[in-house]
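Remarks on the overall topology
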Amino acid sequence: GESVGLHLPTLSVQEGDNSIINCAYSNSASDYFIWYKQESGKGPQFIIDIRSNMDKRQGQRVTVLLNKTVKHLSLQIAATQPGDSAVYFCAVLDSGGGADGLTFGKGTHLIIQP
Amino acid sequence: DAGVTQSPTHLIKTRGQQVTLRCSPKSGHDTVSWYQQALGQGPQFIFQYYEEEERQRGNFPDRFSGHQFPNYSSELNVNALLLGDSALYLCASSQVKTGGATDTQYFGPGTRLTVL
């Protein structure tokens, strides 16, 4: 089955700096990748997604990069703000044409230093 | 546009009891997935419901069961509760696309279950 790994459980950055959160996955058949943000006491909030036919996708202040060769995914947050403080999860979906249960990593806790 | 809603927000049960958690999907969504999130961990997939049937199941015992109603809302039932069932239970809704795969899953706020 799929496994999703984490590079750093905690990341501390200065307010205004850029943040990069990394994720690795195991199944080369995975074809859909999502980043979620989870604040304390809340459910995961969708940030951005990317499909396997792309290697980069940009949103508002966020960019997701996908490297299928090394099975690596990253989330870049530009000009990090205090409101970005949360746990960030990557989630992976395997293709199969059927039901879609996401496999999550353990999460990276992003801490913003003033 | 209402998002995914879950009830109750918190629940305390004792070992051996049974519990039912409820979820209403986001407007326009027809698929509901349930996840268990232990403290400090990522969510783990329990099962997914579409057209009132279980489509896929994760690595959870039969004590975990579910149901989907004609209005797409869903229930998660857990029997014979164990201490280890204490967790945040998350519901996510999505919409089936042409070809059968589902679109992005949007999560509710979760139900915090404590088993004593």
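These notes cover the structure that comes with them. (Residues numbered from 1 in each chain as written. Chains lettered and ligands numbered in written order. Predicted model: local features only at pLDDT ≥ 70, side-chain atom pairs only at ≥ 80, totals over all residues. Heavy atoms only, no water.)

1. Some thoughts on the nonpolar core
Of all hydrophobic cores here, the largest spans 22 residues; its most connected members are Phe33, Trp35, Leu73, Leu75, Tyr88 and Leu110 of chain A. Elements represented by at least two residues in this core include exactly strand 2 (10–14), strand 3 (19–25), strand 4 (30–38), strand 5 (45–51), strand 7 (62–67), strand 8 (72–77), strand 9 (86–94) and strand 11 (108–113) of chain A. Broken down by element, the residue count for this core peaks at 4 residues, all from strand 9 of chain A. One finds Cys23, Tyr49, Leu76 and Val115 of chain B within the second-largest nonpolar core, a separate group that totals 20 residues. (Core = buried A, V, L, I, M, F, W, Y, C linked by side-chain atoms within 4.5 Å. Buried < 20%, exposed > 50% of the residue type's maximum accessible area, 1.4 Å probe, protein only. Helix = DSSP H or I, 4+ residues; strand = E, 2+ residues; numbered from the N terminus.)

2. Points about the interface of chain A and chain B
The accessible area lost on association of the parts is a frequent measure of interface size. Contacts between the two partners involve 20 residues from chain A, matched on the other side by 25 residues from chain B. Carbon and sulfur atoms supply 49% of the area buried between chain A and chain B, which totals about 1,600 Å² over both sides. If you look at where chain A meets chain B, you find 0 salt bridges. Viewed at the interface, chain B and chain A are joined by 6 residue pairs in polar contact (both at pLDDT 80 or more). At the level of elements, strand 4 and strand 5 of chain A are the ones that each hand at least two residues to the side of chain A that touches chain B. Split into classes, the residues belonging to the side of chain A that touches chain B amount to 8 nonpolar, 7 polar and 5 charged. (Contact = heavy atoms within 4.5 Å. Buried area = accessible area lost by both parts, 1.4 Å probe. Salt bridge = Lys/Arg side-chain N within 4 Å of Asp/Glu carboxyl O. Polar contact = N/O pair within 3.5 Å; in protein donor to acceptor, adjacent residues only side chain to side chain. Nonpolar A, V, L, I, M, F, W, Y, C, P; charged D, E, K, R; others polar.)

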